[in-house]
Each structure stands twice: as C-alpha cells, then as structure tokens.
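Single-letter residue listing:
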Amino acid sequence: MSSPLVSIVIPTRDRPQLLPYAVKSALTQTQPDIEVIVVDDGSLKPVELSPDPRLKIINLKTSRGGAAARNVGTEMARGKWITYLDDDDCLLPQMVEVSLDALTKTTHPSPVGVISGIEVVNLNRDVLIQRIPPPIRIKGCHFSLENLEPSKSYNTKQTLVVEREVINKIGGWDESFRSRVHTELFLRLNLVCTIIGLPIVTYQLLRDQQTRVSRDPNLRQESFYRLIEKHQDIFKAHPKMFSEFVYQQAWTSYQMGQEKAALTHLLWALELHPTHILGLSLRTSLSRLTRLR
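First things first, this report covers the structure right here in the doc. Note that residues are indexed from 1 along each chain, following the sequence as it is written. Per-residue local features of the predicted model are confined to residues with pLDDT of at least 70, and side-chain atom pairs are confined, for both listing and counting, to 80 or more; whole-chain, interface and lining totals are unaffected and use all residues. Think of the side-chain values as coming from all heavy atoms in the structure, minus any hydrogens and water.

1. Points about the overall build of the chain
For the record, the criterion: Numbering of helices and strands starts at the N terminus; helices are DSSP runs of H or I of at least 4 residues and strands are runs of E of at least 2. Our radius of gyration looks at C-alpha atoms and nothing else; its globule reference is 2.2 Å times the residue count to the power 0.38. Only heavy atoms matter for contacts: two residues are in contact if any of them lie within 4.5 Å across the pair. Here, Shrake-Rupley sampling with a 1.4 Å probe gives the accessible areas, and only protein chains in the shown set may cover a residue. In this tally, Lys and Arg are treated as positive and Asp and Glu as negative; His is ignored, and so are the chain termini. Taken as the charge centre is NZ of Lys, CZ of Arg, CG of Asp or CD of Glu, depending on the residue.
If you tally the helices and strands in the chain, you get 10 helices and 10 strands. A compact globule built from 293 residues should have a C-alpha radius of gyration of about 19 Å, and the chain, at 19 Å, falls within 12% of that. With respect to the three principal axes, the spread of C-alpha positions in the chain is 60 × 45 × 40 Å. Partitioning the intrachain contacts of the chain with sequence separation of at least 6 by distance along the chain shows that 72% fall at a separation of at least 24. About 14,600 Å² of surface is accessible on the chain, with carbon and sulfur atoms providing 54% of the total. Charged side chains in the chain number 36 positive and 31 negative. The centres of these two groups are separated by 3 Å.

Rendered as structure tokens:
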C-alpha cells in the first residue's frame, strides 16, 4: 500500500461521546489522501469506532499523557505531512487541502509548517470567538514570544501541518509536559522551521470542557514553571512577551480560583515589564467595562 500524503493523529482518553465527531471530521476532508491514527491513551473502555480503511486505532494499556500519545501516533504515521487533532475538537472539511496548498506555493526554504485559524465553539457548535494566527514566523524566531500583530492570536497552534520528519528531528513532543504541550513544541519547532499563518479558519475548538487536561489548575501551574525553566534563555531574551505570558497565567489562575498564585504571577509580570503590564491591565479593564454597558 502506498503511503498517504497526510497523517492525522488524534490522541484520546475516556471521551467516547466526543471522539467520533473528531474522527469523522478527519475522515471527511476534501483532501482524500490521508490516514487517521487514533491513539487511545489508556481509556477505561477501549476505543471502538466504525471501520474505515484509512483509520488505525492504537490502544495503550496505561495512560502516558497526551504528549506521549502524540509521539506514538507520529511513530506509527506513514504520511509525509502530519497534523494533530484533539479528541474533543473538529477539523473543518478544507483544513488539510488549504494547508497543503499553502505549503506547495510557498517560496520560503524548507522546512516550512503551516497554521491556520480557529473557531472556539460551544456544545451546540455556536461560534464564540475566532482566532487568526500571525502571518509568518521565520526560522530562528521564538514563535509566541515574538511581538504579536494586532488582531492576531498565538492560540492557533493546534492547526499545525508540517513534515513528519521535522517533528522527529526536534525530538517529538516533550512527554514531561501534561499541559502547554503545544507551546513547548513550538518554541523548539520555530527554531528550525518557518511557520506560515493562514487567515483561514480550519479548526473548531470546543470550549469549557471540564475534563480538558489544559483546564486542570495544578497541571497548568506545574507546566507553566517547567516551560519557563526549560526555555529560560529564550524567555529572558523577550522581556515584554515574557511579562505578558506571566500576566496571562495570573489571569488564568484567578479564573481557576487560585488567588494566591494569581497575585504571585501578577507581581512577577509587573517586575518583568511594568509599563507593558500596566498598559495591558488598563486595556483589559476598559474592554470589560465596555462589554458591561
């Protein structure tokens, strides 16, 4: 059997109600030359899905975490290109096609990866927020620590399409992380790979799922500190965006009821870049007041 052009890896654990929607969205891409690899990360009840010749299920006996599941999927993948889909999210039908079209037409030297826009939706699939990525980050940049263009978002990393071999060459996903796995990967990826952002929405992210690993407050705190420690030289080279990263962690901590951690992070952010954080806080407050009117 010839190798598919694109591999879509879906890590999953104990989400039997949501997983079929994610798998269907992968199998119904307008680019048919794909394979879909579902990596069951030790679900209490092993994954069962309708058979499809393009679908492969890998069952791990014990949970190893999302990063490890993605690595297992990457190892088993046969496509030249690879992308990853969370099991509670969905791809829009043209996701693979528009990503490959951009990769084919780019004049930037290889390696190049592509990201695209995201719709944040609720359970009824009502669109709550739309996020569009920055237009480009040349090889050697530090992705989410570079100054961000107006109206653009770094929270679009789930849409990555890149050569599978590039993921292998940077060592895959760091399995010591249970949260912020995309942020960590991109800090290493952008050092060796140009990342192009498309102003096209291709992905639906389901908001406020209580079982999302990324919403576990303790895991987020642990991964927050681990990320800064691992990439401390990169963070220190970008004091403005470093302060914004810490400020966002303060706000997330507050939302999750971790008030002591929120205050600690806010003071740290102010220490790193006081003028930027004061301005950011003022804009955030004004924005909320405007919405209350």
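2. Let's talk about the packing of aromatic side chains
To keep it simple, the criterion reads: Between rings of Phe, Tyr and Trp, where Trp is taken as its six-membered ring, a pair exists when centres lie within 6.5 Å; planes separated by under 30 degrees are stacked, by over 60 edge-to-face, and by other angles tilted. Remark: exposure states derive from per-residue accessible area (1.4 Å probe, protein chains only) relative to the maximum for the residue type, with buried under 20%, exposed over 50%, and partly exposed in between. Working rule: Lys NZ or Arg CZ, within 6 Å of ring centre, within 35 degrees of ring normal, means a charge sits over the ring.
Tallied over the entire structure, the rule returns 11 aromatic pairs. Ring geometry for tyrosine 225 versus tryptophan 268: centroids 6.4 Å apart, planes at 10 degrees, classification stacked. Taken together, the positions of tyrosine 225 in helix α6 (residues 217-230) and tryptophan 268 in helix α9 (residues 259-272) put the pair 43 residues apart, joining distant regions of the chain. We classify tyrosine 225 as partly exposed; its relative accessible area is 40%. On the accessibility criterion, tryptophan 268 (23% relative accessible area) is partly exposed. Members of the aromatic cluster, joined through ring pairs, are Phe224, Tyr225, Phe235, Phe242, Phe245 and Trp268. Taking the ring centre of tryptophan 173 as reference, the NZ or CZ of arginine 70 above it sits at 5.0 Å. In this arrangement the basic side chain of arginine 226 is found over the ring face of phenylalanine 177, its NZ or CZ atom lying 5.8 Å from the centre.

3. Regarding the nonpolar core
Within soluble globular proteins, side chains that are nonpolar generally end up buried alongside one another. What counts, and what does not: Here, the term nonpolar core denotes a set of buried Ala, Val, Leu, Ile, Met, Phe, Trp, Tyr and Cys residues that are joined through side-chain atoms within 4.5 Å.
The biggest cluster of nonpolar side chains holds 42 residues, and the ones touching the most others in it are Val39, Leu160, Ile167 and Phe235. Core analysis: the second largest hydrophobic core is formed by 30 residues, Val6, Leu19, Val47 and Met95 among them.

4. Some remarks on the state of the cysteines
As a reminder, the rule being used: The disulfide criterion is simple: two cysteine sulfur atoms within 2.5 Å.
The tally for this structure, following the rule as stated, stands at zero disulfides. In this model cysteine 193 remains outside any disulfide bridge; the closest cysteine sulfur is found in cysteine 141, 12 Å from its own. Under the relative-accessibility criterion, cysteine 193 is labelled buried at 0%.

5. Quick notes on the layout of surface pockets
Applied cut-off: A 1.4 Å probe that fits but cannot get out identifies a cavity on a 1 Å grid over protein atoms alone, an open set with protein on both sides within 12 Å along at least five of seven lines counts as a pocket, and a residue lines either if it has an atom within 4 Å of a point. Grid points are joined across faces, edges and corners, and a volume is the space filled by probe spheres set on the points. We call Asp, Glu, Lys and Arg charged. Ala, Val, Leu, Ile, Met, Phe, Trp, Tyr, Cys and Pro are nonpolar, and the rest, Gly among them, are polar.
Approximately 190 Å³ is the volume attributed to the second largest pocket. In this structure, the second largest pocket is lined by Thr12, Asp14, Arg15, Pro16, Leu19, Pro20, Ser43, Lys45, Pro46, Val47, Glu48 and Leu49. The residue inventory of the lining of the second largest pocket, partitioned by class, reads six nonpolar, two polar and four charged.

6. Let's talk about the environment of histidine 231
On the secondary structure map, histidine 231 appears in the loop between α6 and α7 (232-236). Classification of histidine 231 by relative accessible area gives buried; the value is 8%. For the pair histidine 231 and serine 43, spaced 188 residues apart in sequence, the C-alpha separation works out to 32 Å. Setting aside its immediate chain neighbours within four residues, histidine 231 contacts Glu184, Leu187 and Arg188.

7. Considering α6
Each α-helix turn comprises 3.6 residues. Residues three or four places apart therefore point the same way. Defined as follows: Expected span of a helix, by definition, is 1.5 Å for each gap between consecutive residues, and there is one gap fewer than residues.
Spanning 14 residues, α6 covers 20 Å between terminal C-alpha atoms, matching the ideal 20 Å at 1.5 Å per step. Buried within α6 we find Arg220, Gln221, Ser223, Phe224, Leu227 and Ile228. Contacts made by the buried residues of α6 are with α5 (181-192), α7, α8 (239-255) and α9.

8. A closer look at empty space enclosed by the protein
Sizing a probe to match a water molecule and rolling it over the atoms shows the empty space that remains. Taken as a whole and judged by the stated rule, the model has one cavity of 30 Å³ or more. Of the pockets and cavities examined, the largest cavity occupies roughly 40 Å³. Taken together, Thr83, Tyr84, Lys157, Gln158, Thr159, Leu160, Trp173, His182, Leu185 and Phe186 form the lining of the largest cavity. Counting residues per element, the lining of the largest cavity draws most heavily on α5, at three residues.

9. A word on the pairing of strand β2 (residues 34-41)
Under the convention used in this document: Whether two strands pair depends on DSSP finding at least two bridges between them. If the strands point away from the viewer and the path from the first strand over the helix to the second runs clockwise, then the crossover is right-handed.
Taken across its eight residues, β2 has eight buried, putting it largely inside the fold. Of the two faces of β2, the one holding Ile34, Val36, Val38 and Asp40 and the one holding Glu35, Ile37, Val39 and Asp41 are both buried throughout. The sheet contact formed by strand β1 (residues 6-12) and β2 spans seven bridges and is parallel. Bridge pairing in β2 links valine 9 to isoleucine 37. Taking the sense of rotation as the criterion, the β-α-β connection linking β1, helix α1 (residues 19-27) and β2 turns out right-handed.

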